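Structural features, examined
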Amino acid sequence: NALKLVVTGGAGYVGSVCAARLVEAGHQVTVVDDLSTGHADAVHPDARFIEGDAAEVAGSLLREGFDGVLHFAAKSLVGESMTEPAKYWEGNVVTSLRLLEAMQEHGTPRLVFSSTAATYGEPEQSPIPETAPTRPTNTYGATKLAIDAAITSFAAAHGLAAVSLRYFNVAGAYGSFGERHTTETHLIPLVLQVATGDRERIQIFGDDYPTPDHTAVRDYIHVVDLADAHLLALKHATAGEHRIYNLGNGTGFSVLEVIEACREVTGHPVPAAVAPRRAGDPSVLVAASDRAREELGWKPERTDLAGIVRDAWEFTQSRRG
Ligand code: UDP
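**Examining the side chain of asparagine 246**
Along the polypeptide, asparagine 246 turns up in strand 11 (residues 242-247). Residue asparagine 246 is classed as buried on the basis of its relative accessible area, which comes to 0%. In terms of polar contacts, asparagine 246 uses its side chain to reach the side chain of tyrosine 120, at 2.7 Å. A polar atom in the side chain of asparagine 246 sits 3.4 Å from the backbone oxygen of alanine 288. Residue contacts for asparagine 246: discarding those within four places in its chain leaves Tyr120, Ile128, Pro129, Glu130, Arg166, Phe168, Ala287, Ala288, Ser289 and Ala292.

**Some words on the sheet that holds strand 12 (residues 253-254)**
Read from one edge to the other, the open sheet built from three strands follows the order 12-9-14, with strand pairing classed as mixed. Whereas interior strands pair on both sides, the edge strands pair on one side only; in this sheet they are strand 12 and strand 14 (284-285). With two bridges joining them, strand 9 (residues 217-218) and strand 12 adopt antiparallel strand pairing. Directly across from valine 217, in strand 12, lies its bridge partner serine 254.

**Digging into the confidence of the model for the protein chain**
Regions with low pLDDT should not have their predicted coordinates read in detail. Of the residues in the protein chain, 100% have a pLDDT of 70 or more, and the chain-wide mean is 96. Across the predicted assembly, pTM comes out at 0.97 and ipTM at 0.98.

**Looking at the nonpolar core**
By size, the foremost hydrophobic cluster in this structure holds 40 residues, and its most contacted members are Leu70 and Leu247. Counting only elements with at least two residues in this core, the list comes to strand 1 (4-8), helix 1 (13-24), strand 2 (28-33), strand 6 (161-167), helix 7 (223-236), strand 11 and helix 9 (290-296). When sequence neighbours within four positions are dropped, the list of residues in contact with leucine 70 reads Leu5, Val6, Val7, Thr8, Cys18, Leu22, Val112, His230 and Leu234. Formed by 27 residues, the second largest nonpolar core is a distinct cluster that contains Tyr220, Val258, Ala306 and Ala312.

About the cut-offs
- Residues numbered from 1 in each chain as written.
- Predicted model: local features only at pLDDT ≥ 70, side-chain atom pairs only at ≥ 80, totals over all residues.
- Heavy atoms only, no water.
- Helix = DSSP H or I, 4+ residues; strand = E, 2+ residues; numbered from the N terminus.
- Buried < 20%, exposed > 50% of the residue type's maximum accessible area, 1.4 Å probe, protein only.
- Polar contact = N/O pair within 3.5 Å; in protein donor to acceptor, adjacent residues only side chain to side chain.
- Contact = heavy atoms within 4.5 Å.
- Pairing = 2+ DSSP bridges.
- pLDDT = per-residue confidence, 0-100.
- Core = buried A, V, L, I, M, F, W, Y, C linked by side-chain atoms within 4.5 Å.

Shown next, in the form of C-alpha cells:
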C-alpha cells in the first residue's frame with residue numbers, strides 16, 4: 001500500500017538515500033529542501049521536489065493531505081553548533097515545532113524523525129541502549145533531544161504516530177546517492193579525499209584513548225540499512241506512541257581500522273598523522289540496536305566495513321567522472 005509522504009531534507013545525504021528507497025518501494029514522495037546543504041540533483045527523479053524551508057513549505061503542503069512526514073532537514077555540524085547555537089535552536093528546534101504544529105493542524109498521522117547518538121553524550125556503558133541517560137555534550141545533540149521531547153508530547157496529546165531513529169555513524173552510499181558535504185568533517189569521506197589526492201593526509205584525532213589500538217571507536221552503519229529502517233518505522237508507527245530506536249551495526253571500528261580499510265579498498269597508501277583529540281569526542285560509541293531488531297524486524301545487512309567503504313569509494317569516484 002503506497003503512502004503519500006513528505007521528506008524534508010531529501011536532497012541531503014541520508015534524506016536522499018531514504019527518498020530513493022521510498023520511491024523504489026512504490027511510495028509517492030515529495031521532497032522539501034532549502035538546499036542550504038543539500039543538492040537538487042540528489043533528489044530522486046521520480047520524487048516531486050519543492051525548494052524551501054521545511055516548516056514553511058511543508059506546513060502549507062500538508063494541506064493537500066499526506067500519510068506521513070520523514071523529517072531529515074537539520075543543521076548537523078557539531079563544531080558549528082557550539083559556536084553558533086542560535087542557528088541550531090532555530091533551524092532544528094523551532095523548525096521542527098512548526099512542522100509538528102502543521103502536522104497537527106492538517107491531521108498528518110505519522111512522523112519519522114532523524115535523531116542521533118549525540119543525544120546520549122559521553123556513555124556510561126557500551127553498547128548504548130535506548131534506556132541510557134541522555135546528556136548531550138554539544139548543542140547539536142541538545143537540539144535533537146529537545147525535538148524528541150516535543151514529539152513525545154505531541155504523540156501523547158494529539159495521537160501522532162511517531163518514531164525517532166538515533167543514528168550512530170552513517171557511512172557508505174547508494175549508487176549515485178551519497179555523502180557530499182561542502183564542509184566535510186566525517187572520517188570516511190575525508191580519508192577518501194586523501195585517496196583521490198584532494199587531501200594530503202588524514203589526521204588521527206587522538207591516539208591515547210582507552211581502546212585496543214588507542215584510537216576512538218565508532219559504530220559505522222551503512223546508509224542503505226539505515227534508510228530501510230525508516231521504511232520499517234513508517235510501517236510500525238502507532239497512533240499516540242513515540243518510539244525511539246538506536247540504529248547501528250552493533251560493532252565498533254577504530255579510526256585506524258577505518259583508515260586501513262580505506263587503504264585496502266582504494267589501493268592508496270593514505271598517509272596519516274596523529275593530531276590532538278577533537279574536543280568532546282567520546283572514546284567509544286557503539287549502539288545496542290536490539291530494540292529496532294525486535295520491534296521493527298530490522299536487521300543491518302551491509303555490516304562489513306570494507307563493503308561500506310567500497311560503496312562510498314565508488315560514489316566518490318563516480319562524482320569525479
Ligand atoms: N576522526 C579523525 N580524523 C578526522 C575526522 C574524524 O580521527 O579527520 C575521528 C573522530 O575523532 C571520531 C571518528 O573519527 O573518533 C569519527 O568521526 P566523525 O566526525 O566521522 O563522526 P562522529 O563520531 O564525530 O559523529
